[in-house]
Every structure is written in C-alpha cells, then in structure tokens.
Amino acid sequence: KAGVTQTPRYLIKTRGQQVTLSCSPISGHRSVSWYQQTPGQGLQFLFEYFSETQRNKGNFPGRFSGRQFSNSRSEMNVSTLELGDSALYLCASSTVATSTDTQYFGPGTRLTVL
Amino acid sequence: AQKITQTQPGMFVQEKEAVTLDCTYDTSDQSYGLFWYKQPSSGEMIFLIYQGSYDEQNATEGRYSLNFQKARKSANLVISASQLGDSAMYFCAMREVSYGNNRLAFGKGNQVVVIP
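Residues numbered from 1 in each chain as written. Chains lettered and ligands numbered in written order. Predicted model: local features only at pLDDT ≥ 70, side-chain atom pairs only at ≥ 80, totals over all residues. Heavy atoms only, no water.

Glancing now at the side chain of S31 of chain A. With respect to the helices and strands, S31 of chain A occurs in strand 4 (residues 31-38). In terms of polar contacts, S31 of chain A uses its side chain to reach the side chain of E48 of chain A, at 2.8 Å. If near-sequence neighbours (up to four positions away) are discounted, S31 of chain A is found in contact with E48, Y49, F50, A92, S93, S94 and T95 of chain A together with N102 of chain B. (Helix = DSSP H or I, 4+ residues; strand = E, 2+ residues; numbered from the N terminus. Polar contact = N/O pair within 3.5 Å; in protein donor to acceptor, adjacent residues only side chain to side chain. Contact = heavy atoms within 4.5 Å.)

Listed as interface residues are 29 residues of chain A and, on the opposing side, 21 residues of chain B. Buried surface at the junction of chain A and chain B, summed over both partners, amounts to about 1,900 Å²; 47% is from carbon and sulfur atoms. Remark: the boundary between chain A and chain B carries 0 salt bridges. The tally of links between chain A and chain B comes to 6 residue pairs in polar contact (both at pLDDT 80 or more). Elements with a contribution of two residues or more to the side of chain A that touches chain B: strand 4, strand 5 (42-50), strand 6 (53-57), strand 9 (87-94) and strand 10 (104-105) of chain A. Split by residue class, the side of chain A that touches chain B holds 9 nonpolar, 16 polar and 4 charged. (Buried area = accessible area lost by both parts, 1.4 Å probe. Salt bridge = Lys/Arg side-chain N within 4 Å of Asp/Glu carboxyl O. Nonpolar A, V, L, I, M, F, W, Y, C, P; charged D, E, K, R; others polar.)

Moving on: the state of the cysteines. Should the sulfur atoms of two cysteines be covalently bonded, the bond is a disulfide. Evaluated as defined, the whole model comprises 2 disulfides over all chains. Shown here is the disulfide that connects C23 of chain A with C91 of chain A, its sulfur atoms set 1.7 Å apart. The disulfide joining C23 of chain A to C91 of chain A has a torsion of about -45° about its S-S bond and is therefore left-handed. Separated by 68 residues along the polypeptide, C23 of chain A in strand 3 (residues 19-24) and C91 of chain A in strand 9 bring together distant segments of the chain. You can call C23 of chain A buried: its relative accessible area is 0%. The partner cysteine of C23 of chain B in its disulfide is C92 of chain B, sulfur to sulfur 2.0 Å. (Disulfide = S-S within 2.5 Å. Buried < 20%, exposed > 50% of the residue type's maximum accessible area, 1.4 Å probe, protein only.)

Once that is clear, we can look at unusual backbone geometry. Going from T7 of chain A to P8 of chain A, the amide bond is cis rather than trans, its omega being -10°. Note that P8 of chain A resides in the loop between strand 1 (5-7) and strand 2 (10-13). Backbone geometry places K16 of chain B, a non-glycine residue, at a positive phi of 80°. Residue position: K16 of chain B is located in the loop between strand 2 (11-14) and strand 3 (19-21). K16 of chain B sits in the exposed class, given a relative accessible area of 69%. One non-glycine residue, K73 of chain B, lies in the positive phi region at around 55°. Following the sequence through the fold, K73 of chain B ends up in the loop between strand 8 (64-69) and strand 9 (74-79). The class for K73 of chain B is partly exposed, based on a relative accessible area of 29%.

This part is about the pattern of salt bridges. Residues and elements named next belong to chain A. Counting across every chain of the model gives 7 salt bridges over all chains. Here D85 and R63 are joined by a salt bridge, their closest N and O atoms 2.8 Å apart. On the criterion of sequence distance, the pair formed by D85 in the loop between strand 8 (74-78) and strand 9 and R63 in the loop between strand 6 and strand 7 (64-68) is long-range, its members being 22 residues apart. Given a relative accessible area of 4%, D85 falls into the buried group.

Here the focus is the pairing of strand 11 (residues 109-113) of chain A. Residue and element names in this part refer to chain A. What you see with strand 11 is a clean split: T109, L111 and V113 sit on the buried side and R110 and T112 on the side with no burial. One ladder, built from 4 bridges, connects strand 2 with strand 11; its direction is parallel. By the bridge assignment for strand 11, K13 is matched with V113. The pairing of strand 9 with strand 11 spans 3 bridges and is antiparallel. Each residue of the ladder has a partner; that of A87, found in strand 11, is L111. (Pairing = 2+ DSSP bridges.)

All names here are of chain A. Pairing within the open sheet is antiparallel, and its 4 strands lie in the order 1-3-8-7. Every other strand in the sheet has two partners, leaving strand 1 and strand 7 as the edge strands with one partner each. Averaged over all pairs of adjacent strands, the angle between strand axes in this sheet comes to 20°, irrespective of strand direction. (Axes fitted to C-alpha atoms, helices over the stretch in contact; angles between N-to-C directions.)

With that out of the way, let us pick up the packing of aromatic side chains. Tallying each qualifying case throughout the model produces 15 aromatic pairs over all chains. Relative to F47 of chain B, the ring of Y104 of chain A has its centre 5.9 Å away and its plane inclined at 75°; by these criteria the two rings are edge-to-face. Separated into two different chains, Y104 of chain A in strand 10 and F47 of chain B in strand 6 (residues 46-52) make up a pair that spans both. Residue classification places Y104 of chain A among the partly exposed positions, given a relative accessible area of 36%. Judged by its relative accessible area of 22%, F47 of chain B is partly exposed. On the numbers, 4.9 Å between centres and 50° between planes, the contact of F35 of chain B with Y50 of chain B is tilted. Here F35 of chain B, found in strand 5 (residues 32-39), pairs with Y50 of chain B, found in strand 6; they are 15 residues apart in sequence, far enough to count as distant. Of the two residues, F35 of chain B and Y50 of chain B, neither departs from the other in class, the shared state being buried. A cation over an aromatic ring shows up here: R55 of chain A above the ring of F50 of chain A, its NZ or CZ 4.6 Å from the ring centre. (Phe/Tyr/Trp six-rings, centres within 6.5 Å; stacked < 30°, edge-to-face > 60°. Lys NZ or Arg CZ within 6 Å of the ring centre and 35° of its normal.)

Don't take any of this as a statement about function, it's just geometry.
Set out below in structure tokens:
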C-alpha cells in the first residue's frame, strides 16, 4: 500500500501571499490531520477532517484553513503568509478514529516564507 | 500545561547498545493512547509503537519496547541493539479520547545519535 503523500515537498513564498498544500491519505483512510512543526513551538495540531467535515481544530488563526474531498484527499490553505508561518507541515491519515487508531504521517511540505 | 514532557538532552549511543528515552505525560482522562514516532533528518514521522491506557502488558514491536508505568504517568521507549539507522529525533505523543480522537499532543523530542 502506498503511504501518505504530500505535495509539494518544498515551497518558497513571500509575505502576504497565500499557499495551498495537498495531502493524499493511505488508501482506505478517511481521517486526515494536519500538524505544523517549527523549531520553537515543536509539533502543533492544526485540524482534522473526517468524511469531508472538520472535526477538530487547533489554536491557529483563521488564516489557516482546510478542506477534505470525497476521496479523502485533503488540502490546507494559509492566506496572508507571515514569516512565522515558515515550518514543516505534516499530514497524517488513519482509518477510523478510535482510541487505538494509529496516525501515519507523510513526508511533509517544507514552507519557507521570505 | 504541557501534556507530554521529554527532557533528556541529546544522547550518543554506542552501536549495538540499548537506549531508553524518557516520556512523562499529564492527563485526567482514563482512556488515552501513547505513541512513539521517529523523525530522521528527512522529516517524515515514522510510527514505532503504541500503548493504550487499558493495556495490561507493555507494548513491543521488534527492537522497540515501551515501559509503561501508569501510576507514574510515564511511557519510556527502549530501543535494543541500536543501529546506525536509529539516529533520529524521537517523539512521544498522546491522544486523549475526550480531547478528540485524532488530536495528538507531542513532546519536544529526544535527539539520538548512534556511533559506531
């Protein structure tokens, strides 16, 4: 089975621009979660989508948004980019959300904001 | 309050030796899951092992084992027979059922360098 894929792998943007990141989960996985990883804050939860609905949201400003499509693929969007948005963005997928379900991560998209 | 604490500084480990990575957690939930992930320099988070709060036995997966002490709220990872490919950052994470099934809280990580 193919793993979680994320595109693009690297991205360079300037302040004020917007960006869209894509995540394709493992086949059969319906839950997709997004995390931001920075040296200062570590790994932080952004949001989770399940069956095209956002079920959970972390403590991030409204500039961060996402969606999930009927095939479970997910996108996240960051508008009006700031320097502090430079980070590794990781997507994770799992089958059905139960307490024992394991999230499998993709390789990440490394975003640099200049 | 920090939910997952990993406080060890970077560690150097001799190849073929065992290494223990400490993780303590904070939760008032009765039902939760604990995970360990490995992140090499490439950035991908690789799942290693899972321990459920109701599991009576410590989890094991190949060379990885989890020393789960529920009363002390600790979930230490033991890597036996270290290999050069084990050099990476290791993250402990927790999922609380009441907090949202798929919301993981991560620790700051432990850096491990395996030396030949």
